[in-house]
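Coordinate analysis (summary)
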Amino acid sequence: MEKFIEQKFNIGALKGISAKNVEEHLKLYAGYVKSINLIFEKLGELMADQEKNAYVIGELHRRIGFEFNGMRNHEYYFKSLEGGPKPLPKDSLLKKELEKVAGSVETAMKGFKTLAMTRGVGWAMLYWDKQSKQLIPTWVDEQHVGQLNGLFYVLGIDMWEHAYVYDYPTSEKKKYVEAFFENLNWEVIEENFKKAQ
Ligand SMILES: [Fe+2]
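Let me sum up the structure you'll find in this document. One numbering rule holds for all chains: residues counted from 1, following each sequence as written. Reporting of local features is limited, given that this is a predicted model, to residues whose pLDDT is at least 70; pairs of side-chain atoms are given and counted only at 80 or more, and all residues count toward the totals for whole chains, interfaces and linings. Only hydrogens and water are set aside; all other atoms, that is, all heavy atoms of the structure, feed into the side-chain values.

**Section: the overall build of the chain**
Looking only at helices and strands, the chain has 6 helices and 3 strands in total. Counting from the N terminus, the helices are the DSSP runs of H or I reaching at least four residues and the strands are the DSSP runs of E reaching at least two. Put simply, the chain runs from its N terminus to its C terminus through helices and strands in the order α-α-α-α-β-β-β-α-α. A principal-axis box enclosing the C-alpha atoms of the chain has dimensions of 60 × 40 × 30 Å. For every residue, the accessible area obtained with a 1.4 Å probe (protein chains only) is divided by the maximum for its type, and the residue is called buried under 20%, exposed over 50%, and partly exposed between those limits. Looking at the 197 residues of the chain, the share that counts as buried comes to 45%. Whether two residues touch is decided by their heavy atoms; if any such pair falls within 4.5 Å, the residues are in contact. Long-range pairs, those at least 24 residues apart, make up 68% of the contacts in the chain with a sequence separation of at least 6. Only the protein chains shown count as cover for residues, and all accessible areas are computed by the Shrake-Rupley method using a 1.4 Å probe. Of the roughly 10,900 Å² that the chain leaves accessible, carbon and sulfur atoms contribute 54%.

As structure tokens, this is what we get:
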């Protein structure tokens with residue numbers, strides 16, 4: 001198994017999300033990278049005696065989805081905050097698609113923000129389904145429960161409390177959602193959408 005490498009992100013000062021919160025959040029991301037590597041390393045060792053280690057092997061396999069998606073979700077998340085806030089390009093394909101399904105980008109994002117306010121710990125996701133050629137928004141519990149098979153990540157927001165706890169009380173998480181969108185680099189999201197085609 002190749003080791004997964006911890007990515008570095010060039011995140012400047014954000015509006016409404018403190019440097020302290022970003023710093024702590026990046027430490028959590030590093031923990032997912034460390035843990036997914038640890039799982040595969042341990043599995044490699046335990047496989048030497050599969051009969052004796054069957055229970056532990058099973059439990060480690062069960063955790064792959066949590067750690068792997070914890071790593072990958074955060075890589076998309078931090079990447080979308082790199083480079084400062086930027087609007088969708090004029091000739092944006094994503095803009096056209098959002099206008100087709102919701103009338104406007106603003107209306108589509110109003111719906112997405114409601115999705116982000118889903119009660120619980122997890123992520124609001126907007127995927128592209130290559131097969132049915134449409135955007136599919138969904139809620140993902142934790143890092144992995146509810147990820148949709150074969151779909152491509154376009155936009156996501158981390159709705160774990162750790163994403164905003166240094167800046168807002170839990171009862172004000174809507175402010176964090178607004179702050180995230182104020183800092184979002186839509187050019188990155190457009191790129192995600194293009195790659196997903
Ligand atoms: Fe997070």
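**Here we look at the coordination of the iron ion**
Here a donor is any nitrogen, oxygen or sulfur atom (N, O, S) within 2.8 Å of the metal, with 3.2 Å used for Na, K and Ca; water is not among the atoms considered, so some sites may look incomplete. Those protein atoms acting as donors to the iron ion are His25 (NE2), His74 (NE2), Asp158 (OD) and His162 (NE2), and they sit at 1.8 to 2.2 Å. Of note is the iron ion, whose 4 donor atoms meet at the metal with angles of 86 to 141 degrees in an arrangement that counts as irregular. Site description for the iron ion: donor spacing in sequence, H-x48-H-x83-D-x3-H. In this pair, His25 sits in helix H1 (residues 19-46) while His162 sits in the loop between strand E3 (152-158) and helix H5 (173-183), placing the two residues 137 residues apart along the sequence. By the criteria applied here, four donors are tetrahedral when all angles lie between 85 and 135 degrees, four are square planar and six octahedral when opposite donors are over 155 degrees apart and every other angle lies between 65 and 115, and any other arrangement is irregular.

**Digging into the layout of surface pockets**
The pocket and cavity definitions rest on a 1 Å grid over protein atoms only: a 1.4 Å probe that fits but cannot leave marks a cavity, an open set with protein on both sides within 12 Å along at least five of seven lines marks a pocket, and residues lining either have an atom within 4 Å of a point. Grid points are joined across faces, edges and corners, and a volume is the space filled by probe spheres set on the points. Approximately 310 Å³ is the volume found for the largest pocket. The element contributing the most residues to the lining of the largest pocket is helix H6 (residues 186-196), with 5 residues. Lys, Arg, Asp and Glu make up the charged group, whereas Ala, Val, Leu, Ile, Met, Phe, Trp, Tyr, Cys and Pro make up the nonpolar group; the residues left over, Gly among them, are polar. Across the lining of the largest pocket, the residue classes tally to 6 nonpolar, 2 polar and 7 charged. Lining the second largest pocket are 13 residues, with Asn69, Tyr76, Gln147, Leu151 and Tyr153 positioned closest to its centre.

**Looking at the pattern of salt bridges**
In the sections that follow, a salt bridge refers to a side-chain nitrogen of Lys or Arg positioned within 4 Å of a carboxyl oxygen of Asp or Glu. By the definition in use, this model includes 15 salt bridges. Of the charged contacts in the structure, one is a salt bridge between Glu24 and Lys27, with a shortest N-O distance of 3.1 Å. Residue Glu24 and its partner Lys27 are both found in helix H1; the two are separated by 3 residues, about one turn of the helix. On the basis of relative accessibility, which here comes to 49%, the residue Lys27 falls in the partly exposed class. Note that Glu59 is salt-bridged to Arg62, the shortest N-O span being 3.0 Å. Of this pair, Glu59 and Arg62 both sit in helix H2 (residues 54-79), 3 residues apart, which is roughly one turn of that helix. By relative accessible area, Glu59 is classed as partly exposed at 27%. The network of salt bridges with common partners includes Lys20, Glu24 and Lys27.

**Section: helix H4 (residues 105-116)**
In this model, H4 (12 residues) spans 16 Å end to end at C-alpha, consistent with the 16 Å of a helix rising 1.5 Å per residue. Residues of H4 that are buried include every one of Val105, Ala108, Met109, Phe112, Lys113, Leu115 and Ala116, and no others. Mapping the buried residues of H4 onto a view down its axis gives an arc of 150 degrees, with all of them on the same face. Exposed and oriented more than 90 degrees from the buried face of H4 are Glu106, Lys110 and Thr114. Expected helix span is taken as 1.5 Å per residue step, with the number of steps being one fewer than the number of residues. Throughout, the arc means the angular range of directions from the helix axis out to the C-beta atoms.

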